[in-house]
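Geometric and topological summary
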Amino acid sequence: MRIGIVCYPTFGGSGVVATELGKALADNGHQVHFITYSQPARLDFFSENLFYHEVSVSNYPLFDYAPYELALSSKMVDVARFEKLDILHVHYAIPHASAAFMAKQILATYGIHIPVVTTLHGTDITLVGKDLTYKPVVTFSINKSDGVTAVSEDLKKATYDHFDIQREIRVIPNFIDLQRFSLKAKDHFKKAIAPFGERILVHTSNFRKVKRTQDVVHIFKQILTKVPAKLLMVGDGPERVNCEALCRELEVCEHVRFLGKQDAVEEILSVSDLFLMPSESESFGLAALEAMACKVPVISSNTGGLPELNVNGVTGFLNNVGDVDGMATNAIYILQDNQILQTFKENAIKRAKEFDLSLILPVYEKYYEEVIEKSKVAI
Ligand code: GMT
């Protein structure tokens, strides 16, 4: 199959899922064409089946806002025509689904009919998408896609709850390449962070408000009263500066390290004991799955799709959003006892195996085939 993938090229979850999916499809013999405004963060190697087409937006003094969506549609038309794509798969509805709709209409004038699959990832529905600024366009472009997937049952439900959607949405969860994530922990790295065998807690995100990163620091402060520990904060974003200030205020700086954006997150996770994800909303929680794949149990909020991944009392614990005390109590329970920690670690990896790439890739492939077949009938 010749597949066009449109996504955000950044470290965000939707971009990671799109890139890992494209790489896996290419490994499986498909020709994959990425269409984005810069090289996706994880598209870092050469493969004969992988292609990257950059969308460049030409500016003009008249534009306060350069029309990215038009440039994207034009690029989709160009790539679809000349690379003879069979399907376009867009990740994150805004603005990719409406740009794909536009491209599809233009392609039809050349007698080319290409089905579009839209994958809903999270805030494109739960936060940004339902804002009235975008809602009519998001609703329209979801209804007009030839296939729509959501990364959890909860996100599917939220889409039906918030938008007037007349079509089927298929749930295909996030996945993990367990081979990449089953690393042996680097002892020297662990020793450098926790020289006296302290427990290592970790949080990875893009430090947006929705991640409630300050809760991470509050939880950690409480953990420190019972368990010697260190906290690794991985990633960057608008909330980082507030978290750093909070660390100073709570006098925990000597135990916290802000590592910024990291490519090899698996190396950090593999030395960690517990992952903290107190998000306000989380459609799936790919970062938590990555932690679990490295044998790291998860303390998370019980919002969105997280209960579909993190099993309460088995792979970690789930608490209400903002229940810092509850999260700290559960974290201490796991960390205080070696045997309990070990059991949670084993459970975490066992659960992660249910989301292995080898299980989810064929689901996407079958879905593409199904959508292509259906759209042939519709022509
Ligand atoms: O919706 C977002 O915040 C953006 C998106 C991203 O690109 O970072 O994250 C979402 O997609 C991930 C991949 O499907 C999910 O694992 C995340 O849970 C989800 N984030 C939220 O729902 C906040």
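For the structure, check the block above.
Definitions and cut-offs
- Residues numbered from 1 in each chain as written.
- Predicted model: local features only at pLDDT ≥ 70, side-chain atom pairs only at ≥ 80, totals over all residues.
- Heavy atoms only, no water.
- Pairing = 2+ DSSP bridges.
- Helix = DSSP H or I, 4+ residues; strand = E, 2+ residues; numbered from the N terminus.
- Axes fitted to C-alpha atoms, helices over the stretch in contact; angles between N-to-C directions.
- Contact = heavy atoms within 4.5 Å.
- Buried < 20%, exposed > 50% of the residue type's maximum accessible area, 1.4 Å probe, protein only.
- Right-handed = clockwise from strand over helix to strand, strands pointing away.
- Parallel < 35°, antiparallel > 145°, perpendicular 65-115°, else oblique.
- Left-handed = near helix turned anticlockwise from the far one by under 90°.
- Nonpolar A, V, L, I, M, F, W, Y, C, P; charged D, E, K, R; others polar.

Turning to the sheet that holds strand S9 (residues 229–234), a few remarks are in order. Strand order in this open sheet of six strands is S10-S9-S8-S11-S12-S13, and the pairing throughout is parallel. On the outer flanks of this sheet lie strand S10 (256–260) and strand S13 (316–319), each paired with one strand and no other. Between one strand axis and the next, the sheet turns through 20 degrees on average, direction left out of account. Contacts between helix H9 (residues 213–224) and the sheet are confined to strand S8 (199–204), S9, S10 and strand S11 (274–277), with S9 contributing the most and set at about 170 degrees to the helix. Along the sheet, helix H12 (residues 286–293) makes contact with S8, S11 and strand S12 (298–301), crossing S11 at roughly 175 degrees.

One key point about sheets: their strands pair by backbone hydrogen bonds, in either a parallel or an antiparallel sense. Strand order in the open sheet formed by seven strands is S3-S2-S1-S4-S5-S6-S7, with parallel pairing between adjacent strands. What marks the edges here is a single partner per strand, and that holds for strand S3 (50–54) and strand S7 (170–171). On the sheet, helix H1 (residues 13–27) packs against strand S1 (2–6), strand S2 (31–36), S3 and strand S4 (87–91) and is oriented at approximately 155 degrees with respect to S2.

In S11, alternate side chains face the same way, and those of Leu-274 and Leu-276 on one face and Phe-275 and Met-277 on the other are all buried. Bridge analysis of S11 against S12 gives three bridges, and the strand direction is parallel. Bridge pairing links Met-277 to Ser-300 in S12. Since S11 and S12 lie parallel, the crossover through H12 that links them has a hand, and here it is right-handed.

A few words on the packing of H12 against helix H14 (residues 338–353). The geometry of H12 relative to H14 is characterised by a closest axis approach of 7 Å and an angle of 120 degrees between their N-to-C directions. Taken together, the axis directions place H12 and H14 in an arrangement best described as oblique. Here the hand of the crossing between H12 and H14 comes out left-handed. Residues Leu-289, Met-292 and Ala-293 of H12 lie in contact with H14, whose contacting residues are Ala-348, Ile-349, Arg-351 and Ala-352. A breakdown of the residues in the contact of H12 with H14 according to their chemical character gives six nonpolar, no polar and one charged.

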